[in-house]
Amino acid sequence: MTSQLRYRCQLHQSARERREESHPLTWRMRDDGVRVDLAEYVSKDGYAAVSQVLNGQSPEEVIDTMTEANVRGRGGAGFSAGVKWCLTLKGENIPRGYLVCNADEMEPGTFKDRQLMEQLPHLLIEGMILGGYANNARFGYIFLRGEYIGAARAIEQALAEAREAGWLGADIAGSGFDFDIALHTGAGRYICGEETALINSLEGRRANPRDKPPFPGQSGAWGKPTVVNNVETLCCVPSVLRHGADWYQSLSGDLSNDGGTKLYGVSGRVNRPGLWELPMGTSGRELLDLAGGIRDGRALKAWLPGGASTGFLLPEHLELALDFDTIAKAGSRLGTGLLTVVTDQQSMVALMRNLETFFARESCGWCTPCRDGLPWTVKLLAALERGEGEQGDIEMLDKLANDLGPGKTFCAHAPGAAMPLASALKYFRHEFEQGVTRPTGPAHAEPIPVGEV
Amino acid sequence: MRPETDTSENTATIASDGDGFVLDSRDRDAILRERDHFEQPQAACIEALKVVQRRHGWVPDGAIPAIAEVLGIGPASVEGVATFYSLIFRQPVGRHVILVCDSSSCFLTDYEALRDAIAARLGIGFGQTTEDGRFTLLPVCCLGACDQGPAMMIDDHTYGPVRPEDVAGLLEDYP
Ligand SMILES: Cc1cc2nc3c(=O)[nH]c(=O)nc-3n(C[C@H](O)[C@H](O)[C@H](O)COP(=O)(O)O)c2cc1C
Ligand code: SF4
Ligand code: FES
């Protein structure tokens, strides 16, 4: 009984569908979902990119290929990995630093890195060795959220196998390059996923974000140059270097200027929620069709393209290519590329209350707009949800969404909370207005009497 | 001053101030091994807290100075870390910890009904422990199981989707 309820990742493409030439992230995964061990990984061209690159290419060449392939950061911000690596401080007098894999996956609606780590940890390790080489890093860390027990086990086993076989340690593949990786498991808190907070957490401190500049690539963990990349980003690296930038670009064909494939997903009330590896720039419509459409004969009302910190889009946006620039142009962000679907009978006000409660709880408390503004937002939304909103509440929410926006806080947590709110107020204002039943009350006094109302 | 420590045997311990907490020597060794993964000992702090928690179920007050001593750092920096992270428990918890995802995808697949079913079954709400010390119930951020929401964890196991009618049977497996 209990074992039937165990969570299992749902990758809805069979091994026959997943090809080496078109599914670089998932083609080695097995239909039974069992972790691909070292022997199987090597038999499927595993670590070939490491042998090839470490013995034949300079770090600069690796970075050039990555830049040309235009692998954009899959952690949500879409920054080119090649460009980031280019900016890492390297040189004679610069100490060798760190490559950190961001495996904190906690963005609500996101379940892709789990799949990669549980089933194919060697791909991540191979990507990290290559990233370490390109950035002249001496050591790598995988910063894994504490709840991912299965992924931790898979990674530990894979690290031991790789070390034993000489893919980690001194003189990898006879190239003279030394590199090893340790797993660090976290202890909760969404903010740990923000890259500078992650570095603080790795150093054993409270996970408060750090001021930028200096950027981690200049001065990160223990003051050394540190590169932070998402799991999926690093998993893209081996195939790019094995088959080249042109090949990678061609995977997305005319669909997008961003190269390669993406692990897309759908959650919410659809018939077949789960994951698919598809060309970058696949449309929301195609993805939703693969997910079998909306469940229970309901209709689609709105969707989040890539997690809680992205802006709502409407059914009419489904034709858009799911890539970074296209979704940004529509006023949202691609984020992690895993769709959260809202159906016509679900209340936007209630959903926004749920989302902002999450952001309020997970604020690290460093900046005033985030620390005080988010609980205030929750209070207003909860009142509207109960039908006890006051005149002026919606305008206040507009103002809060604005005050939480980009550039006003230390890190992107607050803007992440603002984006779904601003878009929900824009597209579904009537739902919020229905909650306003009372005249203006003391909560709207100026200045806002924080904590008093 | 702290008592002498004898590290020669498995039974050796470091006693510390506070509530008579005793750091198990195996845990001490695990913490020291973890320390070697990093440039500075402070970095092993979170893992040290987790090591203690694995043995005791939570992190008693006396563990703070004991960890600080092993790592050679100030107790205040251990305490600051211990109170920041949501999976470090500074109060006793039940034998089993239930984490129910309350994030968006699970909200949209009716996590509230799941939460209410668990609460009704156990007679506790979030942040509480059953009187028999069997379960503690806590909310958690997205468990990365959104495609099978509503999702939850009990100890090391992730479940989803879990319907209210599944709750009784599921809890039975955790005596
Ligand atoms: C509040 C917050 C949480 C984040 N959480 C994650 C996360 O869990 N995983 C992740 O890869 N990136 C996360 N990011 C993005 C990282 O800061 C960073 O941009 C990313 O790890 C860089 O890797 P990439 O360029 O390969 O995407 C988060 C950012 C913010 C502001
Ligand atoms: S924006 Fe929020 S989470 Fe980010 S540093 Fe400021 S208070 Fe902390
Ligand atoms: S939102 Fe509940 S598991 Fe992701």
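A quick note: this is a predicted structure, and the numbers were derived from the prediction, not measured.

Q: Looking at this structure, how should I read the overall build of chain A?
A: The helix and strand inventory of chain A stands at 17 helices and ten strands. Computed over C-alpha atoms, the radius of gyration of chain A comes to 23 Å, within 12% of the 22 Å expected from 2.2 N^0.38 for 453 residues, which places it in the range of a compact globule. A total of 453 residues make up chain A; the buried ones form 62% of that total. By sequence separation, contacts in chain A at least 24 residues apart represent 71% of the contacts at least 6 residues apart. Element-wise, carbon and sulfur atoms account for 50% of the exposed surface of chain A, whose accessible area totals about 16,300 Å². Of the side chains in chain A, 46 bear a positive and 57 a negative charge, and the two mean positions are spaced by 4 Å.

Q: Looking at this model, I keep getting lost on the sheet that holds strand β2 (residues 139-144) of chain A. Mind explaining?
A: In sheet architecture, strand pairing relies on hydrogen bonds along the backbone and comes in two forms, parallel and antiparallel. All names here are of chain A. Taking strand neighbours across the sheet as the criterion, the four strands line up as β3-β2-β1-β4 in an open arrangement whose pairing is parallel. The two strands at the open ends of the sheet, each matched to only one other strand, are β3 (180-185) and β4 (226-230). Within the sheet, the average angular offset between the axes of one strand and its neighbour, ignoring direction, is 20°. Here strand β1 (residues 98-103) runs beside β2; their pairing, made up of six bridges, is parallel. Across the sheet, the residue bridging to Leu99 is Gly140, located in β2.

Q: I tried to follow the site of ligand 1 on my own but got confused; where do I start?
A: All names here are of chain A. Neighbouring ligand 1 are 19 residues, the closest being Gly75, Asn102, Asn229, Asn230 and Thr233. Here an oxygen atom of ligand 1 and a backbone polar atom of Gly75 are 2.7 Å apart. Between an oxygen atom of ligand 1 and a side-chain N or O atom of Asn102, the distance comes to 2.9 Å. With the chains in place, 89% of the 610 Å² that ligand 1 exposes on its own is no longer accessible. If one sorts the elements of the shell around ligand 1 by residue count, β4 sits on top with three residues.

Q: Please clarify how the pattern of salt bridges should be interpreted in this entry.
A: Pairing of side chains with opposite charge becomes possible as their charged atoms draw close. Counted under the stated rule, the structure contains 41 salt bridges over all chains. As a salt-bridge pair, Arg429(A) and Asp398(A) come within 2.6 Å of each other at their nearest N and O atoms. Here Arg429(A) is found in helix α17 (residues 429-433), whereas its partner Asp398(A) is found in helix α15 (residues 393-403), with 31 residues between them in sequence. Notably, a salt bridge pairs Asp24(B) with Arg55(B), separated by 3.9 Å at the nearest N-O pair. With Asp24(B) in strand β2 (residues 22-24) and Arg55(B) in helix α2 (residues 45-56), this pair connects stretches of sequence that are 31 residues apart. The class for Arg55(B) is partly exposed, based on a relative accessible area of 39%. Through salt bridges with shared partners, one network takes in Arg74(A), Lys112(A), Asp113(A), Glu232(A) and Lys262(A).

Q: Please clarify how the sheet that holds strand β5 (residues 261-268) of chain A should be interpreted in this entry.
A: All names here are of chain A. The strand order across the open sheet formed by four strands is β6-β5-β8-β7, and the pairing between neighbours is mixed. A single partner strand is all that each edge strand has here, and the edge strands are β6 (274-279) and β7 (300-304). Mean inter-strand twist for the sheet, computed between neighbouring axes without regard to direction, equals 30°. Here six bridges tie β5 to β6, and the two strands are oriented antiparallel to one another. Along β6, the bridge assignment pairs Leu263 with Glu277.

Q: Mind showing me how you'd approach the packing of aromatic side chains here?
A: How two aromatic rings sit relative to each other is set out by the distance from centre to centre and by the angle between their planes. Going through the model one piece at a time under the given rule, you end up with 17 aromatic pairs over all chains. Consider the rings of Phe358(A) and Phe359(A), whose centres lie 5.0 Å apart with planes at 70°: the pair is edge-to-face. Phe359(A) matches Phe358(A) in its accessibility class, with the two residues each being buried. An aromatic cluster is built from Tyr98(A), Phe139(A), Tyr141(A), Trp222(A) and Phe38(B), whose rings are joined through pairwise contacts. Residue placement shows Lys262(A) over the ring face of Tyr264(A); its charged tip is 5.9 Å from the ring centre. The positively charged end of Lys301(A) is found above the aromatic ring belonging to Phe428(A), 5.8 Å away from the centroid.

Q: Where do I start with the interface of chain B and chain A in this structure?
A: Interface size, as often reported, equals the accessible area lost upon joining of the parts. In this assembly, 49 residues from chain B lie in contact with 64 residues from chain A. Here chain B meets chain A over a buried area of about 4,600 Å², counting both sides, of which 55% is carbon and sulfur. Notably, a salt bridge pairs Asp102(B) with Arg361(A), separated by 2.7 Å at the nearest N-O pair. The tally of links between chain B and chain A comes to 26 residue pairs in polar contact (both at pLDDT 80 or more). If you list the elements that add at least two residues to the side of chain B that touches chain A, you get α2, α4 (75-84), α5 (104-108), β5 (135-140), β7 (157-159) and α7 (167-172) of chain B.

Q: Is there a simple way to explain the site of ligand 2 in this structure?
A: Around ligand 2 sit 13 residues in total, of which Cys364(A), Trp366(A), Cys367(A), Cys370(A) and Cys411(A) are the nearest. Looking at the shell around ligand 2 residue by residue, the class counts come to nine nonpolar, four polar and no charged.

Here is what the cut-offs are and how they apply
- Residues numbered from 1 in each chain as written.
- Chains lettered and ligands numbered in written order.
- Predicted model: local features only at pLDDT ≥ 70, side-chain atom pairs only at ≥ 80, totals over all residues.
- Heavy atoms only, no water.
- Helix = DSSP H or I, 4+ residues; strand = E, 2+ residues; numbered from the N terminus.
- Rg over C-alpha atoms; globule rule 2.2 N^0.38 Å.
- Buried < 20%, exposed > 50% of the residue type's maximum accessible area, 1.4 Å probe, protein only.
- Contact = heavy atoms within 4.5 Å.
- Areas by Shrake-Rupley, 256 points an atom, 1.4 Å probe, with all protein chains shown as cover.
- Lys, Arg positive; Asp, Glu negative; His and termini not counted.
- Charge placed at Lys NZ, Arg CZ, Asp CG, Glu CD.
- Pairing = 2+ DSSP bridges.
- Axes fitted to C-alpha atoms, helices over the stretch in contact; angles between N-to-C directions.
- Near = heavy atom within 4 Å.
- Polar contact = N/O pair within 3.5 Å; in protein donor to acceptor, adjacent residues only side chain to side chain.
- Salt bridge = Lys/Arg side-chain N within 4 Å of Asp/Glu carboxyl O.
- Phe/Tyr/Trp six-rings, centres within 6.5 Å; stacked < 30°, edge-to-face > 60°.
- Lys NZ or Arg CZ within 6 Å of the ring centre and 35° of its normal.
- Buried area = accessible area lost by both parts, 1.4 Å probe.
- Nonpolar A, V, L, I, M, F, W, Y, C, P; charged D, E, K, R; others polar.

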